[in-house]
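Here are the chains, one letter per residue:
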Amino acid sequence: MFIHSALFEIKPKEVAQYRKDSKMWASYAKKAKGFIAYYTMKRYDFKNQYASVYEWVSKKHHDTFMNKYHDWLVSKSKAKVKVLGYYNLRAVDIVRK
């Protein structure tokens, strides 16, 4: 499993548009091969920080999606956000109920 997360600082007046943009990105990711899930998350104890988190079967699936759609989706996104970081995570141990 591969997880890609983008951490943003977003002014309160931009949050609604960010969430709308995120759902647009997720709607395209949902159709892509290897997509598992998408989450919009608010960071606890940090003011105005949100993360877009994508779960993929593999990094290859993520990379294929990003190569095809990233620049186009950025051009379609309307919220003004400040990128704080990108995080690529690979599952090592998984325990599920």
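Residues numbered from 1 in each chain as written. Predicted model: local features only at pLDDT ≥ 70, side-chain atom pairs only at ≥ 80, totals over all residues. Heavy atoms only, no water.

This part covers unusual backbone geometry. Residue Asp45 is not a glycine yet carries a positive backbone phi of 65 degrees. Inspection of the secondary structure puts Asp45 in the loop between β2 (35-42) and β3 (49-56). Of note, Asn48 is a non-glycine position whose phi angle comes to about 65 degrees, a positive value. Considering the arrangement of structural elements, one finds Asn48 in the loop between β2 and β3. (Helix = DSSP H or I, 4+ residues; strand = E, 2+ residues; numbered from the N terminus.)

What follows covers the packing of aromatic side chains. If you walk through the whole model with that rule in mind, you get eight aromatic pairs. Look at Phe8 and Tyr18: their rings are 5.7 Å apart centre to centre, the planes differ by 65 degrees, and that puts the pair in the edge-to-face class. With a gap of 10 residues between them, Phe8 in strand β1 (residues 2-9) and Tyr18 in helix α1 (residues 15-30) connect regions that are remote in the sequence. The exposure classification of Phe8 matches that of Tyr18, with both residues buried. Consider the rings of Tyr18 and Tyr50, whose centres lie 5.8 Å apart with planes at 55 degrees: the pair is tilted. Residue Tyr18 is located in helix α1, and its partner Tyr50 is located in strand β3; the two are separated by 32 residues in the primary sequence. Using a relative accessible area of 4% as the deciding quantity, one classes Tyr18 as buried. Here the aromatic residues Tyr28, Phe35, Trp56, Phe65, Tyr69 and Trp72 are joined through ring pairs into a cluster of three or more. The residue whose ring lies beneath Lys31 is Tyr28, and the NZ or CZ to ring-centre distance is 5.2 Å. The side chain of Lys42 reaches across the aromatic face of Tyr50, ending 5.1 Å from its centre. (Phe/Tyr/Trp six-rings, centres within 6.5 Å; stacked < 30°, edge-to-face > 60°. Buried < 20%, exposed > 50% of the residue type's maximum accessible area, 1.4 Å probe, protein only. Lys NZ or Arg CZ within 6 Å of the ring centre and 35° of its normal.)

What follows covers the sheet that holds strand β4 (residues 82-90). Strand order in the open sheet formed by four strands is β2-β3-β1-β4, and the pairing between neighbours is antiparallel. Since the sheet does not close on itself, it has two edges, and those belong to β2 and β4, each with one partner. In this sheet, adjacent strand axes meet at a mean angle of 15 degrees when their direction is disregarded. Sheet topology note: the β1/β3 ladder contains eight bridges and is antiparallel. By the bridge assignment for β3, Leu7 is matched with Ala51. Contacts between α1 and the sheet are confined to β1, β2 and β3, with β3 contributing the most and set at about 5 degrees to the helix. (Pairing = 2+ DSSP bridges. Axes fitted to C-alpha atoms, helices over the stretch in contact; angles between N-to-C directions. Contact = heavy atoms within 4.5 Å.)

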